[in-house]
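Close look at the chain arrangement
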Amino acid sequence: TGVGAAEVRYADAASFNTLMHGYVPEWAGGEDQPARAARIEALHAEMQAEGCRPDRYTYSALLDVHQFDADRVSALLREMRRAGVGGSKASAPYAKAARSLVWAGRTREVWALLGRMEIEGVRMDGALYARLVAAAESVGLLDEADRLHRHAKARGLAVP
């Protein structure tokens, strides 16, 4: 670069992810959830248009913002798996998706997701089940919370 040369900056995933995570908190931007969801989706589209490959941090932010939209969360998990995004064998994105499904009362899908996790070799631990039990309890699915707790115990996992 010489004197007077224009500085060129290129977009990167870390920059987009930082912006996306800014829309996760409920108070972010003083906007309601649908507005935050629209903004993060626009960033996701812009990221891809700029040639930046979404990574596990991208999907973490997207899953968090859409946590009460079980259909979108399920679609994001599928997209993440299809793209082979690093960390797709980690339980965190699956736990977020399963929690959204529990909140939506879609327990049949939760059990199918848990089965798929097991087949795919995703690490399942007590913390995963604790999140799901708490989610089930929070929406009054006490029988399902008990079933999840017993399922974890049967696998030798410690669930508080």
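Above this text sits the structure in question.
Residues numbered from 1 in each chain as written. Predicted model: local features only at pLDDT ≥ 70, side-chain atom pairs only at ≥ 80, totals over all residues. Heavy atoms only, no water.

**Some details on the overall build of the protein**
A tally of helices and strands in the protein yields eight helices and zero strands. Reading the secondary structure of the protein in the N-to-C direction produces α-α-α-α-α-α-α-α. Each principal axis of the C-alpha atoms in the protein carries an extent, and together these give about 70 × 35 × 25 Å. Taken over 160 residues, the protein has a buried fraction of 40%. Considering only contacts within the protein whose residues lie at least 6 apart along the sequence, 61% involve residues at least 24 apart. Split by element, the accessible area of the protein, about 8900 Å² in all, is 53% carbon and sulfur. Of note, the protein has its 21 positive side-chain charges centred 6 Å away from the centre of its 21 negative side-chain charges. (Helix = DSSP H or I, 4+ residues; strand = E, 2+ residues; numbered from the N terminus. Buried < 20%, exposed > 50% of the residue type's maximum accessible area, 1.4 Å probe, protein only. Contact = heavy atoms within 4.5 Å. Areas by Shrake-Rupley, 256 points an atom, 1.4 Å probe, with all protein chains shown as cover. Lys, Arg positive; Asp, Glu negative; His and termini not counted. Charge placed at Lys NZ, Arg CZ, Asp CG, Glu CD.)

**Here we look at the packing of aromatic side chains**
Enumeration according to the criterion identifies one aromatic pair in this entry. The ring of W111 is capped by R147, whose NZ or CZ atom sits 4.1 Å from the centre of that ring. (Phe/Tyr/Trp six-rings, centres within 6.5 Å; stacked < 30°, edge-to-face > 60°. Lys NZ or Arg CZ within 6 Å of the ring centre and 35° of its normal.)

**Topic: the side chain of H151**
Topologically, H151 is positioned in helix α8 (residues 142-154). A distance of 3.0 Å separates polar atoms of two side chains, one belonging to H151 and the other to R155. With near-sequence residues (within four places) excluded, H151 lies in contact with W111 and Y129. (Polar contact = N/O pair within 3.5 Å; in protein donor to acceptor, adjacent residues only side chain to side chain.)

**Re helix α5 (residues 91-103)**
Helix length check: α5 (13 residues) gives 18 Å between terminal C-alpha atoms against 18 Å at 1.5 Å per residue, within 8%. In terms of residue burial, α5 counts as a mostly covered element, since 11 of its 13 residues are buried. Within α5, burial applies to S91, P93, Y94, A95, K96, A97, A98, R99, S100, L101 and V102. Those residues of α5 that are buried are in contact with α3 (56-65), α4 (70-83), α6 (107-120) and α7 (126-138). (Expected span 1.5 Å × (residues − 1).)

**Remarks on the packing of α6 against α8**
Two numbers describe how α6 lies on α8: the axes approach to 12 Å, and their chain directions differ by 10°. Judged by the inter-axis angle, α6 sits roughly parallel to α8. Note that α6 runs across α8; the crossing there is right-handed. On the side of α6, the interface is formed by T107, W111 and L114, while α8 contributes E144, R147, L148 and H151. (Axes fitted to C-alpha atoms, helices over the stretch in contact; angles between N-to-C directions. Parallel < 35°, antiparallel > 145°, perpendicular 65-115°, else oblique. Left-handed = near helix turned anticlockwise from the far one by under 90°.)

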